[in-house]
Amino acid sequence: QVQLVESGGGLVQAGGSLRLSCAGSGLTFSIDAMGWFRQAPGQERAFVAATNWRGSNTYYTDSVKGRFTISRDNAKNTVYLQMNSLKPEDTAVYYCAADSGTVVGLEEYDYNYWGQGTQVTVSS
């Protein structure tokens, strides 16, 4: 089994920055693709960003391109999400996800392992 624990969420003003971290433990050697999803109040969970094992391929939803950056440190079994120029519409619970597949998916069903989520609130 793989356990994922997110950290780094909080309250920030519009235009500010936050960096989310997701630390993996357990059978982390089985992890390949890792990603971030978010769920805003009253909405379904949605894809934000994802990367492959090497971090050489990254994918973003259109609304965060140019503002968010996903990266990973495999030696630390950790994936990061640097969020800059935050907007009130970025307010959501952010979830880390991981999968053993080598193809980076953009859908919830592409990921087998999930963290508990961390709250990000952006005030206007």
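Residues numbered from 1 in each chain as written. Predicted model: local features only at pLDDT ≥ 70, side-chain atom pairs only at ≥ 80, totals over all residues. Heavy atoms only, no water.

1. Regarding the pairing of strand E3 (residues 18-26)
Note: strand E1 (residues 2-7) against E3, six bridges, orientation antiparallel. Paired with Ser7 across the bridge in E3 is Ser21. Looking at chain direction, E3 and strand E8 (residues 78-83) are connected through six bridges and run antiparallel. Across the sheet, the residue bridging to Ala23 is Thr78, located in E8. (Pairing = 2+ DSSP bridges. Helix = DSSP H or I, 4+ residues; strand = E, 2+ residues; numbered from the N terminus.)

2. What about the environment of Asp62?
For Asp62, the location among the structural elements is in the loop between strand E6 (58-60) and strand E7 (68-73). A sequence separation of 17 residues divides Asp62 from Val79, and the C-alpha atoms of the two residues are 20 Å apart.

3. Details of the packing of aromatic side chains
For the structure shown, the criterion picks out four aromatic pairs. For the ring pair Phe37 and Phe47, a centre distance of 5.7 Å and an interplane angle of 75 degrees mean the geometry is edge-to-face. One end of the pair, Phe37, is in strand E4 (residues 33-39); the other, Phe47, is in strand E5 (residues 46-51), and 10 residues separate them in sequence. Each of the two residues, Phe37 as well as Phe47, counts as buried. (Phe/Tyr/Trp six-rings, centres within 6.5 Å; stacked < 30°, edge-to-face > 60°. Buried < 20%, exposed > 50% of the residue type's maximum accessible area, 1.4 Å probe, protein only.)

4. What to know about the side chain of Thr51
Mapped onto the fold, Thr51 is located in strand E5. Beyond its immediate sequence surroundings of up to four residues, Thr51 is in contact with Asp32, Ala33, Met34, Ser56, Asn57, Thr58, Ile70, Arg72 and Val104. (Contact = heavy atoms within 4.5 Å.)

5. Focus: the environment of Asp99
Within the element layout of this structure, Asp99 appears in strand E9 (residues 92-99). Sequence spacing of Asp99 and Ala40 is 59 residues, and the spatial spacing of their C-alpha atoms is 23 Å. Setting aside chain neighbours within four positions, we find Asp99 in contact with Ser30, Ile31, Asp32, Ala33, Asp110, Tyr111 and Asn112. Engagement of the side chain of Asp99 in a polar contact is seen with the backbone nitrogen of Gly101, the distance being 2.8 Å. (Polar contact = N/O pair within 3.5 Å; in protein donor to acceptor, adjacent residues only side chain to side chain.)

6. Considerations on the state of the cysteines
Counted under the stated rule, the structure contains one disulfide. The residue that forms a disulfide with Cys22 is Cys96, at a sulfur-sulfur distance of 2.1 Å. Note on the Cys22 and Cys96 pair: the S-S dihedral is about -80 degrees, so by sign convention the disulfide is left-handed. Taken together, the residues span a long stretch of sequence, with Cys22 in strand E3 and Cys96 in strand E9 at a distance of 74 residues. Owing to a relative accessible area of 0%, Cys22 belongs among the buried residues under this scheme. (Disulfide = S-S within 2.5 Å.)

7. Things to note about the environment of Gln43
Its location among the elements puts Gln43 in the loop between E4 and E5. Considered as a pair, Gln43 and Ala92 are 49 residues apart in the sequence and their alpha carbons are 9.4 Å apart.

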